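# What the coordinates show
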Amino acid sequence: MNFSGTVRLNTFGVCVIIATLILFYIYIFSSNSLNRSEKKNVVNLRKLLITAIEVAEKGGKQVKLVREEMTLNKHSKGKTKEGAEMLVTNADSSSHCIMFFGLTHTFPHLKVVSEEQESSKLCDNTQPVLDLDPASKEGLSRLVDSEVFTEDLMVWIDPLDATQEYTENLPQYVTTMVCVVFRGKPIIGVIHKPLEKEPVTYWAWLEHGRSTSLTGLLATRKSPESKSTVIISRSHAGKGVQIAESAFGKETKIIEAGGSGYKSLAVVSGNASLYMHLTQIKKWDICAPDAILQSVGGRLSTLEDDEIDYSSEQEKVNEHGVVASYKDHDYYIKKLSAVKDSWSKSS
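The structure contained in this document is the topic of the report that follows. (Residues numbered from 1 in each chain as written. Predicted model: local features only at pLDDT ≥ 70, side-chain atom pairs only at ≥ 80, totals over all residues. Heavy atoms only, no water.)

What the 5 strands build is an open sheet, ordered 12-11-13-17-15; its pairing is mixed. Looking at the sheet topology across the chains shown, the edges are occupied by strand 12 (253-257) and strand 15 (299-301). The average angle at which neighbouring strand axes cross in this sheet is 20 degrees, direction not considered. In the sheet, strand 15 pairs with strand 17 (residues 322-325) via 3 bridges, with the strands oriented antiparallel. The partner of Arg299 across the bridge, within strand 17, is Ser325. Along the sheet, helix 8 (residues 283-295) contacts strand 15 and strand 17; its crossing angle with strand 15, the most-contacted strand, is approximately 145 degrees. With respect to the sheet, helix 9 (residues 329-337) is in contact with strand 13 (274-277), strand 15 and strand 17, its orientation differing from that of strand 17 by roughly 145 degrees. (Pairing = 2+ DSSP bridges. Helix = DSSP H or I, 4+ residues; strand = E, 2+ residues; numbered from the N terminus. Axes fitted to C-alpha atoms, helices over the stretch in contact; angles between N-to-C directions. Contact = heavy atoms within 4.5 Å.)

What follows is the structure, given as structure tokens:
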């Protein structure tokens, strides 16, 4: 039997093999590129929630440290429309550095807006990428992952809410806050109280879950002393007292307090039935409270009963006041609408 002979290559077959290998290589390369692109353009919301909690608490530690070391360096960064000083301290700046760069280093393509954005140039922006182990935060390991496109998200942070009260050593009002917005609507809110005897964090992820601290606040909720126990700003009150009494009656109980975070939690706990703010207010002050209130069935709106759009970093100010309640929102809006001319002139 003769096994000798010439092996003849089929030119067409060779071309097919080469073409197949090229196409396979292109497919693999394209798939890897697509995966990298998808990772760049998609955010895991559970991991973002973990990060939001982490940076709020780390920022809070800076706030506490500055207070303990008495290195406040209090100064004004301008005045509000009503003429009140807008104070800033070393605590605002150092908390911003931790919170802003903690978020942007962990999620490099995420749009983050901070009250103290101007402080970024003073930061040592070498914050490490955070460890996003859900087991490190109570209640997070049971949450179901959810992913959305980065371009649909925006984050508002308030590195120190109630700076005025912070400088006056009124620690109960002080919070750090983070709010995650999806297509203009708040979906995650974090309010951390760093100066309590035992610091506590309240968080909510709409339609997914909330912290045991927030659940506990609801469980121990008391009924306000009256349907019109109104909490207003102690430093930006405007004509708040007169208008509350005009809208709800002379027997209205007025509580003056600092910090939007504090005031919204007072509504959740039942210490107040209504949080009212008549003048303009920055969106980082109210975004996390908005998410927290929605998560427990409450509501935060403008004085005209409109939802607030948090989607644009160019529009940092809500010009139309705030009404926040746990229930009976329509009642409060109707009562305030009846004295609209009065509160319009106060702004």
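Ordered in space as 4-6-7-8-9-10, the 6 strands form an open sheet in which the pairing is mixed. Only two strands of the sheet have a single partner each, and these edge strands are strand 4 (112-114) and strand 10 (209-210). The sheet contacts of helix 3 (residues 90-106) involve strand 4, strand 6 (153-161) and strand 7 (175-182), and relative to strand 6 the element is tilted by about 155 degrees. Set on the sheet, helix 5 (residues 212-219) makes contact with strand 9 (200-205) and strand 10; between it and strand 9 the angle comes to about 95 degrees.

Another point: the state of the cysteines. As enumerated under the stated definition, the model contains 2 disulfides in all. What pairs with Cys97 in a disulfide is Cys123, and their sulfur atoms sit 1.9 Å apart. The sign of the S-S torsion, about -80 degrees, decides the handedness of the disulfide formed by Cys97 and Cys123: left-handed. With Cys97 in helix 3 and Cys123 in the loop between strand 4 and strand 5 (147-149), the pair connects residues that are 26 residues apart, well separated along the chain. Regarding the disulfides, the chain carries the connectivity 1-2, 3-4 under sequence-order numbering of its bonded cysteines. (Disulfide = S-S within 2.5 Å.)

Turning our eyes to something else, we now look at the environment of Glu147. As for its position among the elements, Glu147 is in strand 5. Glu147 gets classed as exposed once you look at its relative accessible area, which sits at 56%. On a C-alpha basis, the gap between Glu147 and Val43 in space is 5.4 Å, while along the polypeptide they are 104 residues apart. Those residues in contact with Glu147, other than ones at most four positions away along the chain, are Val42, Val43 and Asn44. (Buried < 20%, exposed > 50% of the residue type's maximum accessible area, 1.4 Å probe, protein only.)

Those residues of helix 6 (residues 240-248) not exposed but buried are Gly240, Ile243, Ala244, Ala247 and Phe248. The buried side chains of helix 6 occupy one side of the element, clustering within an arc of 105 degrees when seen end-on. Phi turns positive, to about 110 degrees, at Gly249, one or two residues after helix 6. (Arc of directions from axis to C-beta.)

Counting residues in hydrophobic clusters, the biggest one holds 36 residues, and the most contacted among them are Trp156, Leu214, Val268, Leu300 and Tyr310. Residue assignment for this core shows that the elements contributing at least two residues are strand 6, strand 7, strand 9, helix 5, helix 7 (260-269), helix 8 and strand 17. The element contributing the most residues to this core is helix 8, with 6 residues. Not counting the four nearest positions on each side in its chain, Val268 is found in contact with Leu214, Leu217, Leu218, Arg221, Ile292, Leu293 and Val296. One finds Leu45, Val148, Ile157 and Val178 within the second-largest nonpolar core, a separate group that totals 31 residues. (Core = buried A, V, L, I, M, F, W, Y, C linked by side-chain atoms within 4.5 Å.)

Let us now look at the packing of helix 2 (residues 45-69) against helix 3. Running from N to C, helix 2 and helix 3 cross one another at 160 degrees; their axes reach a closest spacing of 8 Å. Judged by the inter-axis angle, helix 2 sits roughly antiparallel to helix 3. Here helix 2 and helix 3 pass one another in a crossing that is right-handed. On helix 3, the residues that touch Leu48, Thr51, Val55, Ala56, Lys58, Gly59, Gln62, Val63 and Val66 of helix 2 are Asn90, Ala91, Ser94, Ser95, Ile98, Met99, Gly102, Leu103 and Thr106. The residue inventory of the contact of helix 2 with helix 3, partitioned by class, reads 9 nonpolar, 8 polar and 1 charged. (Parallel < 35°, antiparallel > 145°, perpendicular 65-115°, else oblique. Left-handed = near helix turned anticlockwise from the far one by under 90°. Nonpolar A, V, L, I, M, F, W, Y, C, P; charged D, E, K, R; others polar.)

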